[in-house]
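Listed here are the chains, written in short residue letters.
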Amino acid sequence: AFLNWTFHADATLTFPQTLVLRYRDFEPHKGLGGAADDYAKWYHARLRLLNNTLADDREFLCADRFTVADVCVGYALFLGRQIGIGDYASQTAAYLDR
């Protein structure tokens, strides 16, 4: 579970975030704001696994303790908030706020 969450955070969650940043913030002159919006939706669709996992109000993602998996997923969630696509489900917002 530890490696799965690490890869999920770094490969699945942060990838669409990079494209939102690129198209909306770094290259707005290219007129790809619609693509940025689509990638923001894709990001939220990729949060389903996390939302379902956190539905039981667990404190940590795996091993009942803080691991690098929590760091990686927490960073992705934090970045989502920072770039304006972080309107999370209540359990995911609570996990990030801890």
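Draft legend 1. Here's a closer look at unusual backbone geometry. Positive phi values are uncommon outside glycine, yet Ala63 reaches one of about 65 degrees. Looking at the secondary structure, you find Ala63 in the loop between helix 3 (48–53) and helix 4 (68–82). Despite not being glycine, Asp64 shows a phi value in the positive range, around 55 degrees. Mapped onto the secondary structure, Asp64 falls in the loop between helix 3 and helix 4.

Draft legend 2. Focus on a nonpolar patch on the surface. Side chains of Phe2, Leu3, Phe7, Phe66, Val68 and Val71 sit close together on the surface and give an oily, nonpolar patch of about 590 Å² of accessible area. When you line up the elements, Leu3 lands in helix 1 (residues 2–26).

Draft legend 3. Broad picture of the nonpolar core. Core analysis: the biggest nonpolar cluster contains 24 residues, and Tyr43, Leu47, Leu50, Leu61, Val73, Leu77 and Tyr88 have the highest contact counts within it. Looking at this core, the elements that each hand over two or more residues are helix 1, helix 2 (33–46), helix 4 and helix 5 (90–97). A per-element tally of this core places helix 4 first, with six residues. Once residues lying within four places of it in the same chain are set aside, the contact partners of Leu77 are Tyr43, Leu47, Leu50, Tyr88, Thr92, Tyr95 and Leu96.

Draft legend 4. Quick look at the packing of helix 4 against helix 5. Interhelical geometry of helix 4 versus helix 5 gives an angle of 110 degrees and a closest axis separation of 10 Å. Overall, the two elements helix 4 and helix 5 adopt an arrangement that is roughly perpendicular. Judged by residue contacts, Asp70, Val73, Gly74, Leu77, Phe78 and Arg81 of helix 4 engage Thr92, Ala93, Tyr95, Leu96 and Asp97 from helix 5. Of the residues contributing to the contact of helix 4 with helix 5, the split by class is six nonpolar, two polar and three charged.

Draft legend 5. Broad picture of the pattern of salt bridges. A full pass over the atoms with the stated rule returns five salt bridges. Here Arg24 and Asp25 are joined by a salt bridge, their closest N and O atoms 3.1 Å apart. Residue Arg24 is classed as partly exposed on the basis of its relative accessible area of 31%. Among the ionic pairs, Glu27 bridges to Lys30, the shortest N-O distance being 3.5 Å. Here the salt bridges do not stand alone but share partners, grouping Arg22, Glu27 and Lys30 into one network.

Draft legend 6. Quick peek at the environment of Leu32. Mapped onto the secondary structure, Leu32 falls in the loop between helix 1 and helix 2. For the pair Leu32 and Val20, spaced twelve residues apart in the sequence, the C-alpha separation amounts to 9.5 Å.

Draft legend 7. Quick look at the packing of aromatic side chains. All told, the structure shown has six aromatic pairs when counted by the stated rule. Pairing Tyr39 with Trp42 gives two aromatic rings, centres 5.8 Å apart and planes at 70 degrees, and the pair type is edge-to-face. Placement of the pair is Tyr39 and Trp42 together in helix 2, with a separation of three residues, close to one helical turn. Arranged with centres 6.4 Å apart and planes meeting at 65 degrees, the rings of Tyr43 and Tyr88 form a pair that is edge-to-face. Linking Tyr43 in helix 2 with Tyr88 in the loop between helix 4 and helix 5, this pair joins segments that are 45 residues apart in sequence. When its relative accessible area of 0% is taken as the criterion, Tyr43 is described as buried. Residue class for Tyr88 comes out buried when judged on its relative accessible area of 11%. A connected cluster of aromatic rings, assembled from ring pairs, spans Phe15, Tyr23, Tyr39 and Trp42.

Parameters and conventions
Within every chain, residues take consecutive numbers counted from 1 along the sequence as written. Local features are withheld for residues below a pLDDT of 70 in this predicted model, meaning they are given only at 70 or higher, and side-chain atom pairs are given and counted only at 80 or more; totals for whole chains, interfaces and linings count all residues. Hydrogen atoms and water are omitted, and side-chain values are computed over all heavy atoms in the structure. Under the DSSP-based scheme used, a helix requires at least four consecutive residues in state H or I and a strand at least two consecutive residues in state E, with every element numbered from the N terminus. Patch construction takes residues with relative accessible area above 30% that form no salt bridge. Like charges are linked within 9 Å, and nonpolar side chains (Val, Leu, Ile, Met, Phe, Trp, Tyr) are linked within 5 Å. Using the Shrake-Rupley algorithm and a 1.4 Å probe, accessible areas are obtained, with residue cover drawn only from the displayed protein chains. Each reported salt bridge corresponds to a side-chain nitrogen of Lys or Arg within 4 Å of a carboxyl oxygen of Asp or Glu. Remark: nonpolar core denotes a set of buried residues (Ala, Val, Leu, Ile, Met, Phe, Trp, Tyr, Cys) joined through side-chain atoms within 4.5 Å. Burial status follows relative accessibility: with a 1.4 Å probe on protein chains alone, a residue under 20% of its type maximum counts as buried, one over 50% as exposed, and anything between as partly exposed. Contact criterion: two residues are considered in contact whenever any of their non-hydrogen atoms come within 4.5 Å of each other. Between N-to-C directions, angles cover 0 to 180 degrees, with each direction set by a line fitted to C-alpha atoms, over the stretch in contact for helices. Angle categories: roughly parallel below 35 degrees, roughly antiparallel above 145, roughly perpendicular from 65 to 115, and oblique for all the rest. For this classification, the nonpolar set comprises Ala, Val, Leu, Ile, Met, Phe, Trp, Tyr, Cys and Pro, the charged set comprises Asp, Glu, Lys and Arg, and every other residue, Gly included, is treated as polar. Whether two aromatic rings pair depends on their centres lying within 6.5 Å, for rings of Phe, Tyr and Trp, where Trp uses its six-membered ring; planes under 30 degrees apart make the pair stacked, over 60 edge-to-face, and the rest tilted.

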